[in-house]
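Descriptive structure summary
Each chain, letter by letter, is given below.
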Amino acid sequence: MSTRLLTGSLTFTSLKPLDLSSCTKQEIVAYFENSYDLNESLFTALKDSSSLYKCPDRLRLPLIFYYAHTAVVYINKLMLAGLIKERVNLSFETLFETGVDEMSWDDTENYRMGGGYKWPSVDDVVEYRRNVRNIILKLIADTTLVLPITMDTPWWALMMGMEHERIHLETSSVLLRQLPLHLVQKPPGWVYAPSSSGSLSVLENKMVQVSGGKVTLGKPKDFPSYGWDNEYGEVTARVVPFEASRYLVTNREYLEFVLAGGYIQQEFWTTEGWNWVQYRQAKHPTFWVCHEGCKSGCGADLASYSHCNLSNSMNCDTEGQVKQDDSWISEGTSTPDNKSQYRYRAIFDVLAMPWNWPVDVNYHEAKAFCRWKGPGFRLPAEAEHHLMRGPQMPSSQGPICDIIFQKDTRANLNLQYGSSTPVDMFPPTKAGFFDVFGNVWEWTEDHFNGLSNFQTHYLYDDFSSPCFDGKHNIIMGGSWISTGDEASRFARFAFRRHFYQHLGFRLVKTLVEGTPVLPICMVDTEVFVLGSGMSEKSQMAIENAEIQSVPTVNVNYLYDSTMPLQGILELEFGFRDSLPATYANLAASLARSYNIPMTTALHIGSATGCAAFELSKHFEQVLGVECCARLINAALKLQEGKTLTYKDGKEVTLDPTVNSQKVIFKQLTWLPNEVKQHNMVLVSFLHRIQNPKAWLARLWEITSPSGIVMIISSDGSWTKENLWEHLGHKFHCTDAQSFFYSSPAGQASASFTVWKHK
């Protein structure tokens, strides 16, 4: 497979990131090709091309998607930024744009595309990646480079593509680790770490005290390296004294929990965690191998596969031979016949259990271990993790203050090894903690949320904010395969609590008596999920302490609540000449005056559906797009013929003259390529979304050459002048008018502008 999948060179050596204040075109080319090569090289471990169509995880798409996806993202972002003018293959750039992003551990596989989808051939996808590589190399050569590269300049899109590729280097490595062994082989140059450093100190994972203090989180906006939106902003947290385990919890330590029946005792698990255990029928960490045929969680034709079959799954240890290793056994610990019944699934092999490596677990397993250890034990807070790093150079010193730019990282990062390492292999921080950076990521107690003054980026508006839902926990520090921004001191990533990654944990305990306030944030905003209703509100409890309940900074989630729904139903359906009914009829009138075919109309910001239903009286097909789940759920209920109620018990039913079958509603948090061209594009919700520019950026692509865009401003803020900044490079304004409509306060006015392609 190696020569077939590579469009560049085979490599597992990662370069340092770019200093965006001084990088040259030569350095940009080198970093781009290194990012591209690393990702492709990982897939050369597949023994046969047919494996690209396998589903290592039932919550994920086949591997062919991830091989193509990163190249597609380059093109889509470069198009948005205006660095390229033509697409390579719109079909691919739609199909491979967005993968499954499961909302719970029991989602069905292939959610977005459907399990029976026919994927393109390997040769066609390889050729696509080769074409994208050549286009980007030409772009770099031909485009004027202006330094520094900042988030406000087009070159940011290229930086985004490279760092996105490095994220998928890591996530795809986990998928390969979940594949059956007979489908993979260790590629040339891949080196596992030694199983032990030879030190006996790891047998006792002592707690190290930290005096606490003030911690400021956030990356300066002008720092000269790429950063994801959630890293920017600033929050100051006060940390009370605590103690934490000097090492990450090892496989040896976690074995004690397993042997003590930890996976069959409900009292150690949260309600969510116990539901996961029952669903997965988990008996041990997913990358441990036993002989009991445990469920592996693969999908499609691999659904019945289990890697828990020692007789069929033993490959080799770090020296290339299968060995029995009893050196882990300590006083008071035993297993049947004094020999371990477990082995370890590395990415390409099953090894004799490396007991001094950190255990790989999800949040539920880490939390259950804490409860089993006794009262007061928990996972660290994000702010506590920063204190465990010890003194850090001030960010004003520039790139050298960040570990990813330093010559000697003294940490298992950046693919130094193709696996975890013993937890004592690298030196501790000055605060006394090992592997605060690298080896495996660390779970924290904090829910993922943006920092103060959080702003999304128009090129990737939904990178972070959909995860500010109380269902994702922050992970810190990076892993052995983390490169680029992932390994940065400023990095803030998060996963759902059932998620597996190269990800472990350490123990923490508060040292203050009474009921201290801990710098742990719980997102308490209720989130409505389309198709299943209100998700269970997150419950987080830390013994003998208070934590901070905070609202999500995702504006869509804040808006998507019961009170706005009631108000919008009244605004849309409570009056004959309501705002959406009025502008929908104006849109139809304008379409006729511009001699536009009355075939397709798109309403972006369709809310509870009034305007989309009105448009269906004039157009053959209408697509309503809305980002708020509760609003679109109301539209779908009306479409089904159901009755809704709002203020004072007033009822809403769909106008019988509406042909609801002509309307399709979709919940989208951005405009993906699956939204194709329409003759009439109506935009009405710029006043209530978190990044209007992100929604305006693709209007030129989804408006047919002879079509028009009509933008409604209900509050007067979106005038011809300030829309010109976003649309003037592709459109010219042909009309701007005010109009009146009926509202709860009586007659009100709004305005619209009309835009056509230049």
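For the structure, see preceding data.
Now for a description of the structure that goes with this document. Residue positions are given per chain, counted from 1 along the sequence in the order it is written. Totals for whole chains, interfaces and linings use every residue, but because this is a predicted model, local features are given only for residues with pLDDT of at least 70 and side-chain atom pairs only at 80 or more, for both listing and counting. As a rule here, side-chain values come from all non-hydrogen atoms in the structure, and water together with hydrogens is ignored.

1. Focus on the overall build of the protein
A tally of helices and strands in the protein yields 19 helices and 25 strands. We compute the radius of gyration from the C-alpha atoms alone; for a globule the expected value is 2.2 Å times N to the 0.38, where N is the number of residues. In terms of overall dimensions, the protein is globule-like: its C-alpha atoms have a radius of gyration of 27 Å, near the 27 Å expected for 758 residues. Taken along the three principal axes of its C-alpha coordinates, the protein extends 85 × 60 × 55 Å. Two residues qualify as a contact provided that any one of their heavy atoms is within 4.5 Å of a heavy atom in the partner residue. A sequence separation of at least 24 residues applies to 78% of the contacts in the protein between residues at least 6 apart. Carbon together with sulfur atoms contributes 49% to the accessible area of the protein, which is approximately 29,000 Å² in total. Helix numbering and strand numbering both begin at the N terminus, where a helix is a DSSP run of H or I of at least 4 residues and a strand a DSSP run of E of at least 2. Here the open area of atoms and residues is found with the Shrake-Rupley method and a 1.4 Å probe, where only the protein chains shown may cover a residue.

2. Observations regarding the sheet that holds strand 12 (residues 508-510)
On the basis of which strands lie adjacent, the open sheet formed by 3 strands has the order 1-4-12 and antiparallel pairing. Unpaired on one side and paired on the other, strand 1 (207-210) and strand 12 mark the two borders of the sheet. Sheet twist, expressed as the mean angle between neighbouring strand axes with direction ignored, is 25°. Between any two strands, at least two bridges found by DSSP are needed for them to pair. As judged from the 4 bridges shared by strand 1 and strand 4 (residues 242-245), these two strands associate in the antiparallel manner. Counterpart to V208 in the pairing with strand 4 is A244. Axes here mean lines fitted to C-alpha atoms, for a helix over just the part in contact, with angles spanning 0 to 180 degrees between N-to-C directions.

3. Re the sheet that holds strand 10 (residues 493-496)
Across a sheet, paired strands are connected by hydrogen bonds in the backbone, their directions being either parallel or antiparallel. The sheet built from 4 strands is open, its strands ordered 10-9-8-11 with mixed pairing. In this open sheet, the two strands that pair with only one neighbour each are strand 10 and strand 11 (503-504). Sheet analysis places strand 9 (residues 472-476) next to strand 10, joined by 4 bridges and oriented antiparallel. Each bridged residue has a counterpart across the sheet, and for I475 the counterpart in strand 10 is F493.

4. Concerning the pattern of salt bridges
Should a side-chain nitrogen of Lys or Arg be within 4 Å of a carboxyl oxygen of Asp or Glu, the pair is scored as a salt bridge. Tallying each qualifying case throughout the model produces 26 salt bridges. Across the pair E127 and R130 runs a salt bridge whose closest N-O atoms are separated by 3.0 Å. Pair noted here: E127 and R130 are both in helix 5 (residues 122-142), with a separation of 3 residues, about one helical turn. Residue exposure (1.4 Å probe, protein chains only): buried if accessible area is under 20% of the type maximum, exposed if over 50%, otherwise partly exposed. Residue classification places R130 among the partly exposed positions, given a relative accessible area of 30%. Where salt bridges share partners, they join E33, D37, E40, R129, R133 and E165 into one cluster.

5. As for the side chain of E614
Locating E614 in the fold gives a position in helix 15 (residues 610-615). Residues in contact with E614, not counting those within four places in the same chain, are A581, A584 and N585.

6. A few points about the pairing of strand 13 (residues 517-523)
Judged by how many residues are buried, strand 13 sits mostly within the fold: 5 of 7 residues are covered. Sheet analysis places strand 13 next to strand 16 (residues 546-550), joined by 4 bridges and oriented parallel. Note that in strand 16 the partner of C521 across the bridge is Q548.

7. Side note on the packing of helix 3 (residues 63-81) against helix 5
Where helix 3 meets helix 5, the axes come as close as 10 Å, and the angle between the chain directions of the two elements is 30°. One element, helix 3, and the other, helix 5, form an angle in the roughly parallel class. The two elements helix 3 and helix 5 cross, and the hand of that crossing is left-handed. Residue-level contacts link I64, Y67, A68, T70, A71, V72, Y74, I75 and L78 of helix 3 to V125, V126, Y128, R129, V132, I136 and L139 of helix 5. Each angle receives one of four descriptions, namely roughly parallel if under 35 degrees, roughly antiparallel if over 145, roughly perpendicular if within 65 to 115, and oblique otherwise. Throughout, a crossing is termed right-handed when the near helix is turned clockwise from the far one, and left-handed when it is turned anticlockwise from it by less than a right angle.

8. What about helix 5?
Take the number of residues in a helix, subtract one, and multiply by 1.5 Å to get its expected span. Its 21 residues place the ends of helix 5 30 Å apart at the C-alpha level, agreeing with the 30 Å of an ideal helix rising 1.5 Å per residue. All buried positions along helix 5 are accounted for by V122, V125, V126, Y128, R129, V132, R133, I136, L139 and I140. Within helix 5, the buried residues cover an arc of 155° as seen down the axis, which keeps them to one side. Those residues of helix 5 that are exposed and aimed more than 90 degrees away from the buried face are K138, A141 and D142. Each direction from the helix axis to a C-beta atom contributes to the arc, which is the arc of those directions.

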